[in-house]
Amino acid sequence: MLEVCHLAHGFGRQPALWEIPHLRWRGESLVHLQGDNGSGKTTLMRLLAGLEVPRQGTLRWSLDDAPAQPPPCPGRLLYLHQQPYLFDTTVAGNLHYIARWNGWRGEAMRRRIDEMLERCGLAEHARQRARSLSGGERMRLALARAWLLSPRVLLLDEPTASLDRQAVRDVAALVGALHASGCAVVLSAHQPSELTERCDEHWYIAHQRLGVETREAPLPA
Amino acid sequence: MLEVCHLAHGFGRQPALWEIPHLRWRGESLVHLQGDNGSGKTTLMRLLAGLEVPRQGTLRWSLDDAPAQPPPCPGRLLYLHQQPYLFDTTVAGNLHYIARWNGWRGEAMRRRIDEMLERCGLAEHARQRARSLSGGERMRLALARAWLLSPRVLLLDEPTASLDRQAVRDVAALVGALHASGCAVVLSAHQPSELTERCDEHWYIAHQRLGVETREAPLPA
Amino acid sequence: ADTVRLATTTSTYNSGLLDYLLPKFEADHPYQIQVIPVGTGKALRLGRDGDVDLVLTHAPAAEKAFVDAGYGVEPHGVMYNDFVIVGPTDDPAGIAGGNDATQAFATLAEDEALFVSRGDDSGTDKKEKILWEQAGVTPDFDGFRAAGQGMGEVLRMASELQGYTLTDRGTWLAMQDKLDLEIMVEGDTQLFNPYQVILVNPERYDGLDTEGARALAEWLISDEGQSLIDGFRLNGKVLFHASAGEDVDPESVANQE
Amino acid sequence: MNELMVTTGEALRLLVSFDPALWEIIGVSFRVSLTAILVSLPPSLLLALLLARVSFPGRWLAISVVNTLMAVPTVVVGLVLFMLLSRSGPLGELRLLFTQRAMIIGQILLAMPILTAMLHSTFQSLDQRAWETARLLGASWFQALWMLIREARFGVIAALLAAFGRIIAEVGSAVMIGGNIEHFTRTITTAIALETLKGEFAQGLALGLVLLLLALLLNVLLGVMRGRGQQTVSV
Amino acid sequence: MNELMVTTGEALRLLVSFDPALWEIIGVSFRVSLTAILVSLPPSLLLALLLARVSFPGRWLAISVVNTLMAVPTVVVGLVLFMLLSRSGPLGELRLLFTQRAMIIGQILLAMPILTAMLHSTFQSLDQRAWETARLLGASWFQALWMLIREARFGVIAALLAAFGRIIAEVGSAVMIGGNIEHFTRTITTAIALETLKGEFAQGLALGLVLLLLALLLNVLLGVMRGRGQQTVSV
Ligand SMILES: Nc1ncnc2c1ncn2[C@@H]1O[C@H](COP(=O)(O)OP(=O)(O)OP(=O)(O)O)[C@@H](O)[C@H]1O
Ligand SMILES: Nc1ncnc2c1ncn2[C@@H]1O[C@H](COP(=O)(O)OP(=O)(O)OP(=O)(O)O)[C@@H](O)[C@H]1O
Ligand SMILES: [Mg+2]
Ligand SMILES: [Mg+2]
């Protein structure tokens, strides 16, 4: 599913952030990406999403039996920014943008959006300007946008950092369900939570190297 | 130190977020402000900092034996935004701004800034553009700006959300030291950590009310 | 109706003469006239480039060159008016009442009086330069201001600064009410100001409406046109004297070269 | 003082008694300038986006050149276009001189630099994540551009207004390539210039006031579109 | 085509052989316009900040009015100022008409609306936390304003360039209140207008090129100040 060869990246005159000689990922595990501040988690995810062009090496996705290709794969691979960008309109408007872009129409679409707002605890805020949401609500809205799209690959950059405990549990359940239905997920998080406990593969970034460690998948919660 | 009377606030046509009939705080405790997403923690801190004008009620600080006054109290009371704003210059430049604004000059100032960068793990990033920092590094820089100022009151809005574990421990130690030296601190955080464990007073926001609960101060770590 | 483009000086246009003449022409002829009001220099330039069908201007020397170079054909004198020297009521240089333009200019230079010059190479400006030359002075004395603008602006400027200037009588009459100036010198034969109409040479460009242009030119010098010009009044004053058939004064042409 | 009062009064009186001749002039002005703006907008948007978001060698110089072109005097545009469109010029065969179409071309040349420069500075200050987010969420290239425009609507509208202000108010190119021909190419500003030339200040001011009133109307309409913008606090 | 070539060639030749008369005119142009920009900047900054950050009744209308004032034709500004400064006008005693000082006043009136409107749109799109953070960290009111300007430097410089472009290129007010008097108030643009009037297109174009070259120089200098701006990616 993902094949990485001799990937290396860095910024400015700095040496490579890290090098990945070889990485092959079948996308069946739920991956927890770990590393200290500034170790390069965000950078790796942006590379995987095609938002950054690697200094060196190649990177290929083969999604839905299509031939392997480098990113971006818009619409099928989704990266959630560590600090998500909300469009300057209402909360519901943010979701309607996506519906329009993906050609969804009609009553069914509207019901789906309402349901998504409900599920993310934003129903009361539907008409509020997205930019005035609280920190946790912003992340909830960004997650709602992601859930709406049901992509093949989901890269979540610290999705739980500003969520309260109930919301973390909800996200964990949703990610579990998505993963069960075949979506490949990589997520990062500094603090352990119900979400990280579900992960059955761990990628560590330390000393400018990426290490991979697999363990038994936990029982579904 | 802080005296709040019949404070209430809300947005738009919504009813009051919460009401606080009376709150008096001597500023000697280390306060952990808790509540779910959207309960109004950020709003309360902004009110305390004078960044928002309350719908109703009064709010007064008496700092340094000066007569009680409503906020803002620039330079003496500091509020750290949940998503801090970094000035669009280098990392060191962000700290130099503060030095200039507060009239510090010379070699001593420069050494102090270097020391602060070192302490916050940003020494290597001194000449990097602040806007290109990683999520955790951004928060570290915002904290460095705060430490530099050594204010009388510190309102920290989820300072540890994007920090790695070592950084959380460092912040906990620093906040402890500041508090010991007489700085009044209110902080919010969703996840428990070394920092929240140090807190000896808890303010809860739930069902549009603020509850206060004090407990024995823990032994210094 | 076919459209005919006429480039003319601002003085004929702004005095209202054309607004008075052209509707009468258009009533009897199958042509519509588009008037492009510009300076004499630019009017001749438009003619040379073939952007208009005929020109109506007042710069004898330049017009002669225009025709000699083959840019224009069939020049006809249409009318004339004259120049006057105007100045502030209190007349600090003391030139009022005379009718010797050359003498007046010499006095102005000697007194270093404030004088606003067109300085734009227009017909009026050329006339002024000749007068300075005849008075034997180079116009760089203290009060000399080369404005580089049209007649109306220069008159207004002279009024504001309370200085002297040379103007054509048409613009003067049209603007007199708004100015704080008076006529100082008039009636000198030196101050004669003839207007000519010239067709743009049809051999130089295809598609010029020479027919219409010729119709207009001939109408202007016809008895009808001429009597209309003589009958034109601005604020009750005669502005232009019809002069078709009279040759342009060869002496004044020679003077302006 | 008195004359000023009288003149202004007269101007206002002329303004109220709308006559067809006046409206003809207004029609020409707005038709020409609005067409020019509409035609300039798409290429300016693309150019601005290019300059703001794609790095290529010489990009930095290109930005400076666009900024410089804002300082081109209208008469110079008029002059160049005149020489091109004149019968003796290279494009003389098109017979465009002294037509409204030629005036539109002139105003496009005047509008594009200011539009591009302002839009560039607007896009430049927009968050890069906006584009990324839209593309990841399935927006096509054009949908993402439209989203950018909506996100930056304050800046976009300010750019449009500045460009419109520049060309509706300009006289140098309009008079040079239009020729200020009555019933054909006379615009509000060339009419003002003519009245001023004649010393008819009252008429000139009246036309100026008409222009301003209509521009205000346009602004208020756009203002409604733009919304009220963020509310604020004092510190 | 040929004539255009010849004229352009002639223009370039005139440009290379800098003569004192030319430099005198250039001096007047830049002195007047730069002074006008410098004087307009502080009030425009304050006004823009006010409109962007403080909510008061009528704010929305005030923004529309400022935007509308961008569409004031330069001749109208010239006309109004002429009537005020004329001997028979209320300020005639000052004897300012046909001086550089009067031209500066005219250009200030032209620069302020565009500066204010552009700065307003720039400040409006700036993050509100910037101001809050600066004030909390001990910045005085003026220090915070200076920080805002630095944060918004792209927009501020674009605004300055647009305003400078407008006034260095304008001719309507300069000729009306300045009078285009040789050695006193003749600027590049009024000289271009004069040459055009005379049919001396080559001289006009040469002056236009001089203006553009100098404006480009200014732009490149400002470009260096502004820095390169953010780098970007493609999605
Ligand atoms: N454009 C840039 N120029 C220079 N350095 C950069 C740039 N972008 C990122 N960096 C640096 O690269 C390093 C990795 O950044 P990255 O955002 O990937 O870290 P991270 O692992 O996500 O950290 P965090 O846990 O704090 O989010 C950081 O030290 C950061 O300062
Ligand atoms: N300008 C505004 N207009 C309308 N509603 C607002 C505005 N600002 C905040 N709110 C709402 O007020 C509520 C409280 O917001 P606040 O930011 O104080 O929450 P919080 O407790 O800090 O939450 P979090 O833990 O997510 O940071 C939220 O529901 C938010 O959507
Ligand atoms: Mg990160
Ligand atoms: Mg919050």
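Up top is the structure these notes are about.
None of these values were measured; they are calculated from a predicted model.

Cut-offs used in this document
Residue indices follow the written sequence of each chain, beginning from 1 at its first position. Naming scheme: in the order in which they are written, chains are lettered from A and ligands are numbered from 1. Given that this is a predicted model, residues contribute local features only at a pLDDT of at least 70 and side-chain atom pairs are listed and counted only at 80 or more, while totals for whole chains, interfaces and linings are drawn from all residues. To get the side-chain values, take all heavy atoms of the structure and skip hydrogens and water. Helix and strand assignments follow DSSP, with helices taken as H or I runs no shorter than four residues and strands as E runs no shorter than two, numbered in order from the N terminus. Any residue under 20% of the maximum accessible area for its type is buried, any over 50% is exposed, and the rest in between are partly exposed; the area is computed with a 1.4 Å probe on protein chains only. In this analysis, two residues are considered to be in contact whenever any of their non-hydrogen atoms come within 4.5 Å of each other. For the area figures, the Shrake-Rupley method with a 1.4 Å probe applies, and any residue is considered shielded solely by the protein chains shown. Only four residue types enter the charge count, namely Lys and Arg as positive and Asp and Glu as negative; His and the chain termini do not. A charged residue contributes its charge at one atom only: NZ of Lys, CZ of Arg, CG of Asp or CD of Glu. Near is defined per residue: the residue qualifies when any heavy atom it owns lies within 4 Å of the molecule or strand. Any pair of nitrogen or oxygen atoms within 3.5 Å is treated as a polar contact; in protein, a donor-acceptor pairing is required on top of that, and neighbouring residues in sequence qualify only through side-chain atoms on both sides. Polar here means any residue outside two lists: the nonpolar Ala, Val, Leu, Ile, Met, Phe, Trp, Tyr, Cys and Pro, and the charged Asp, Glu, Lys and Arg; Gly therefore counts as polar. Here the copies are superposed with least squares, the fitted atoms being C-alpha atoms of residues at a pLDDT of at least 70 in both. Here the quantity called buried area is the accessible surface, traced with a 1.4 Å probe, that two parts lose on coming together, added over both. Note on donors: an N, O or S atom is included if it sits within 2.8 Å of the metal, or within 3.2 Å for Na, K and Ca, and water is never included, so sites can look incomplete. Space inside and on the surface of the protein is sampled on a 1 Å grid over the protein atoms alone, with a cavity defined as a set of points where a 1.4 Å probe fits but cannot get out and a pocket as an open set with protein on both sides within 12 Å along at least 5 of 7 lines; lining residues have an atom within 4 Å of a point. Grid points are joined across faces, edges and corners, and a volume is the space filled by probe spheres set on the points. Residues belong to a common nonpolar core when they are buried Ala, Val, Leu, Ile, Met, Phe, Trp, Tyr or Cys residues joined through side-chain atoms within 4.5 Å. Stacked, tilted and edge-to-face pairs are distinguished by plane angle, under 30 degrees for stacked and over 60 for edge-to-face with tilted covering the rest, among Phe, Tyr and Trp rings (Trp via its six-membered ring) whose centres lie within 6.5 Å. Sitting over a ring, as applied to charges here, requires NZ of Lys or CZ of Arg to be within 6 Å of the ring centre and within 35 degrees of the ring normal. Basic side-chain nitrogens of Lys or Arg form a salt bridge, by our definition, when they fall within 4 Å of a carboxyl oxygen of Asp or Glu.

Participant: If you had to explain the overall build of chain D to someone new, which residues and values would you point to?
Facilitator: A tally of helices and strands in chain D yields 11 helices and 0 strands. In sequence order, chain D lays out its α and β elements as α-α-α-α-α-α-α-α-α-α-α. Residue burial in chain D is summarised as follows: out of 235 residues, 61% are buried. Relative to all contacts within chain D whose residues are 6 or more apart in sequence, the contacts with residues 24 or more apart total 75%. Total accessible area computed for chain D in this model is approximately 8,700 Å², and 71% of it derives from carbon and sulfur atoms. Charged side chains of chain D number 16 positive and 12 negative; the gap between the two group centres comes to 11 Å.

Participant: Explain unusual backbone geometry residue by residue, including any values.
Facilitator: All names here are of chain C. Of note, glutamate 112 is a non-glycine position whose phi angle comes to about 50°, a positive value. Within the secondary structure, glutamate 112 is located in the loop between helix H5 (101-111) and strand S5 (115-117). Take glutamate 112: its relative accessible area is 45%, and that puts it in the partly exposed class.

Participant: Give a description of the site of ligand 2 that names residues and reports values.
Facilitator: As a matter of local geometry, ligand 2 sits amid 21 residues, with Ser134(A), Gly136(A), Glu137(A), Thr42(B) and Thr43(B) nearest to it. Per-site note: the chains with residues close to ligand 2 are chains A and B. A distance of 2.5 Å separates an oxygen atom of ligand 2 from a polar atom in the side chain of Thr43(B). Within the side chain of His190(B), one N or O atom sits 2.9 Å away from an oxygen atom of ligand 2. Among the residues forming the shell around ligand 2, the class breakdown is 3 nonpolar, 14 polar and 4 charged.

Participant: Outline the arrangement of the chains, supporting the account with residue identities and numerical values.
Facilitator: Among 8 pairs of chains with at least one contact, chains D and E form the most extensive contact set. Without any contact between them, chain A and chain C keep their closest C-alpha atoms 52 Å apart.

Participant: Talk me through the relation of the copies chain E and chain D; I want residue IDs and the actual numbers.
Facilitator: Two chain copies, one operation linking them: a rotation about an axis together with a shift along it. Overlay of chain E on chain D (RMSD 0.1 Å): rotation 180°, translation along the axis 0.0 Å. Here the symmetry operator amounts to a two-fold rotation axis.

Participant: Residue-level account of the interface of chain E and chain D, with values.
Facilitator: Contacts between chain E and chain D engage 75 residues on the former and 75 residues on the latter. Taken together, both faces of the contact between chain E and chain D bury some 6,500 Å²; the carbon and sulfur share is 68%. Taken together, the connections running from chain E to chain D amount to 2 residue pairs in polar contact (both at pLDDT 80 or more). By residue number, the principal contributor to the side of chain E that touches chain D is helix H11 (residues 201-226) of chain E, which donates 13 residues. Among the residues forming the side of chain E that touches chain D, the class breakdown is 42 nonpolar, 25 polar and 8 charged.

Participant: Could you give me a rundown of the site of ligand 1, with the residues and numbers involved?
Facilitator: What surrounds ligand 1 is a group of 21 residues, the closest being Lys41(A), Thr42(A), Thr43(A), Ser134(B) and Gly136(B). Residues close to ligand 1 are split across chains A and B. One of the backbone N or O atoms of Ser39(A) is found 3.3 Å from an oxygen atom in ligand 1. A distance of 3.0 Å separates an oxygen atom of ligand 1 from a polar atom in the side chain of Gln82(A). Elements with a minimum of two residues in the shell around ligand 1: helix H1 (41-49) of chain A together with helix H4 (135-149) of chain B. Split into classes, the residues belonging to the shell around ligand 1 amount to 3 nonpolar, 14 polar and 4 charged.

Participant: Would you mind going over the coordination of the magnesium ion (ligand 3) in detail, with residue names and values included?
Facilitator: Angles at a metal have ideal values that depend on geometry: 109.5 degrees with four tetrahedral donors, 90 or 180 degrees with six octahedral donors. All names here are of chain A. Looking at the magnesium ion (ligand 3), one finds its protein donor set to be Thr42 (OG1) and Gln82 (OE1), positioned 1.9 to 2.3 Å from the metal centre. Linking threonine 42 in helix H1 with glutamine 82 in the loop between strand S5 (77-80) and helix H2 (91-101), this pair joins segments that are 40 residues apart in sequence. Judged by relative accessible area, which is 23%, threonine 42 ranks as partly exposed. Judged by relative accessible area, which is 16%, glutamine 82 ranks as buried.

Participant: Pulling in residues and values, what's your account of empty space enclosed by the protein?
Facilitator: Per the counting criterion, the structure on display carries 19 cavities of 30 Å³ or more. By volume, the largest cavity amounts to about 270 Å³. Taken together, 18 residues line the largest cavity, and the ones lying closest to its centre are Gln82(A), Gln83(A), Ala161(A), Gln82(B) and Gln83(B). Counting residues per element, the ones that place at least two in the lining of the largest cavity are helix H4 (135-149) of chain A together with H4 of chain B. Taken as a whole, the second largest cavity encloses approximately 160 Å³ of empty space. Around the second largest cavity sit 13 residues that line it, and Thr74(D), Arg166(D), Glu170(D), Thr74(E) and Glu170(E) are the ones nearest its centre.

Participant: Quick one: what's the story with the interface of chain C and chain E, residue by residue and with numbers?
Facilitator: Facing the 20 residues of chain C at the interface are 20 residues of chain E. Note on chain C versus chain E: buried area summed over both sides is about 1,800 Å², and carbon and sulfur give 55% of it. Taken as a group, Lys42(C), Arg45(C) and Glu160(C) account for 31% of the area that chain C buries against chain E, more than any other trio of residues on that side. At the boundary of chain C with chain E, the tally comes to 7 residue pairs in polar contact (both at pLDDT 80 or more). Considering each element in turn, the side of chain C that touches chain E owes the most residues, 5 residues, to helix H7 (residues 151-161) of chain C. For the side of chain C that touches chain E, the per-class residue count stands at 4 nonpolar, 6 polar and 10 charged.

Participant: Would you mind going over the nonpolar core in detail, with residue names and values included?
Facilitator: Grouped together as the largest cluster of nonpolar side chains are 372 residues, with contacts concentrated most on Trp147(A), Trp203(A) and Trp147(B). No other element matches the 14 residues that helix H2 (residues 20-53) of chain E contributes to this core. Filtering out sequence-adjacent residues up to four positions away, Trp147(A) remains in contact with Arg112(A), Met116(A), Cys120(A), Leu154(A), Val171(A), Leu174(A), Val175(A) and Leu178(A). Counting residues in hydrophobic clusters, the runner-up holds 23 residues, among them Ala101(C), Ala113(C), Phe141(C) and Phe144(C).

Participant: Could you give an account of the packing of aromatic side chains, with specific residues and numbers?
Facilitator: Under the counting rule described, the total for this entry stands at 30 aromatic pairs over all chains. Centre to centre, the rings of Tyr85(B) and Phe87(B) are 5.9 Å apart; their planes meet at 70°, and the pair counts as edge-to-face. Per residue, the accessibility class of Tyr85(B) equals that of Phe87(B), and both read buried. Ring plane angle 80° and centroid distance 5.6 Å describe the contact between Trp131(D) and Trp141(D), whose orientation is recorded as edge-to-face. One end of the pair, Trp131(D), is in helix H6 (residues 128-136); the other, Trp141(D), is in helix H7 (residues 141-151), and 10 residues separate them in sequence. Counting every residue linked through ring pairs, the aromatic cluster contains Phe105(C), Phe115(C), Trp132(C), Phe141(C) and Phe144(C). Note that Arg112(A) overlies the ring of Trp104(A), its terminal NZ or CZ placed 5.3 Å from the centroid. For the cation-ring pair, Arg145(C) lies above Phe184(E), with the distance from its terminal atom to the ring centre recorded as 4.4 Å.

Participant: Could you give an account of the environment of Trp147(A), naming the residues involved and the relevant values?
Facilitator: All names here are of chain A. Here tryptophan 147 shows up in helix H4. The exposure class of tryptophan 147 is buried, given its relative accessible area of 6%. For the pair tryptophan 147 and cysteine 120, spaced 27 residues apart in sequence, the C-alpha separation works out to 9.8 Å.

Participant: Can you break down the pattern of salt bridges residue by residue, with the values?
Facilitator: Residues and elements named next belong to chain C. Scanning the model with the defined rule gives 33 salt bridges over all chains in all. Across the salt bridge formed by arginine 45 and aspartate 49, the nearest N and O atoms sit 3.2 Å from each other. By the burial criterion, arginine 45 is buried, and aspartate 49 matches it. Aspartate 82 is the partner of arginine 169 in a salt bridge, and the nearest nitrogen-oxygen pair spans 2.7 Å. On the criterion of sequence distance, the pair formed by arginine 169 in helix H8 (residues 169-175) and aspartate 82 in strand S4 (residues 72-88) is long-range, its members being 87 residues apart. Exposure remark for arginine 169: the relative accessible area of 18% places this residue in the buried category.

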